[in-house]
Amino acid sequence: MPLRGKIALVSGASRGLGRQLALQLADRQANLVLLARDPVRLDEVAARVRSTGSACETMVCDLAKTGEIADVCSHISARGGVEILINNAGLGFYKPFLEHSLTEHDTILDVNLRSLIHLTQRLLPSMLERGAGHIVNIASDLAFTPIANMAVYAASKFAVRGFTLSLAREVKHKGVKVSLINPGIVDTGFNAGVEGAKDASVALRPAALAALIVSVLEQPGYQMIDELTVHPQMQDY
């Protein structure tokens, strides 16, 4: 089990894809650090993780606030850092550009892009010191596909893709892998949706997508999946 005993941080871990990633990493005996804003849901996931025998630390964190990110990362770094970083948290709103408030624009960019960069900036050094580590950034198929009514969301995902693929080229010779995941529609609570409400033919199941991402982390030796795009079969894209 290549993930046994490794310390993995998952952001947005209280529901949806993040929750499934935490549970499946625990099944592979990884130890978890889980970030989310919802303490009740976070504690529920942590209890499930600990029931597998894996260690789990939870940290309530609003990723739109750089000070909270700094505090979380200082605590984690003082304990030796992490070996796996999964930047999963994200949000967006489906409505015309001018109907978004400036605060909504800022929040989308803060959570989807800035927090991802800040977490990476602060947690990458310990990976480089060890000469090993894996960063997985969850973007979207909108990282390369324009879409009306989600202009700033799409811009944030375009930026995540550019950042991820560029960073991969910068650190791969130092033992750190960087992977980008571009899911299509996922059956989660994104954009006020209800998880479980969509048919599997048109929306990816979080558990199945999490299993695919875990397989990216389990690639052997020097083999690295740098970018992976996955859609439900009947999605129009």
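Above this text is the structure in question.
Keep in mind that this is a model prediction, so the values were computed, not measured. (Residues numbered from 1 in each chain as written. Predicted model: local features only at pLDDT ≥ 70, side-chain atom pairs only at ≥ 80, totals over all residues. Heavy atoms only, no water.)

Engineer: Would you take a moment to explain the pairing of strand β6 (residues 176-183) for this structure?
Structural biologist: Within a regular strand, the side chains alternate between the two sheet faces. With eight of its eight residues buried, β6 lies for the most part within the structure. Covered by surrounding structure in β6 are Val176, Val178, Leu180 and Asn182 together with Lys177, Ser179, Ile181 and Pro183, the residues of both alternating faces. In this sheet, β6 lies alongside strand β5 (residues 133-138) in parallel orientation, the contact comprising six bridges. When the sheet's bridge partners are listed, Asn137 is paired in β6 with Leu180. With helix α5 (residues 151-171) bridging β5 and the parallel β6, this β-α-β connection has right-handed handedness. (Buried < 20%, exposed > 50% of the residue type's maximum accessible area, 1.4 Å probe, protein only. Helix = DSSP H or I, 4+ residues; strand = E, 2+ residues; numbered from the N terminus. Pairing = 2+ DSSP bridges. Right-handed = clockwise from strand over helix to strand, strands pointing away.)

Engineer: Explain the pattern of salt bridges to me, please; I cannot follow it from the model alone.
Structural biologist: Between side chains of opposite charge, pairing is possible as soon as their charged atoms come close. With the rule as written, the count across this model stands at 10 salt bridges. Residue Glu44 pairs with Arg19 through a salt bridge whose shortest N-O separation is 3.2 Å. Of the two residues, Glu44 sits in helix α2 (residues 39-50) while Arg19 sits in helix α1 (residues 16-27), which places them 25 residues apart along the sequence. For Glu218, the salt bridge identified is with Arg28, shortest N-O distance 3.0 Å. Of this pair, Glu218 sits in the loop between α6 (206-217) and β7 (227-230) while Arg28 sits in the loop between α1 and β2 (31-36), placing them 190 residues apart in sequence. Judged by relative accessible area, Arg28 falls into the partly exposed class, the value being 23%. Here the residues in one salt-bridge network are Arg15, Asp38 and Arg41, joined through shared partners. (Salt bridge = Lys/Arg side-chain N within 4 Å of Asp/Glu carboxyl O.)

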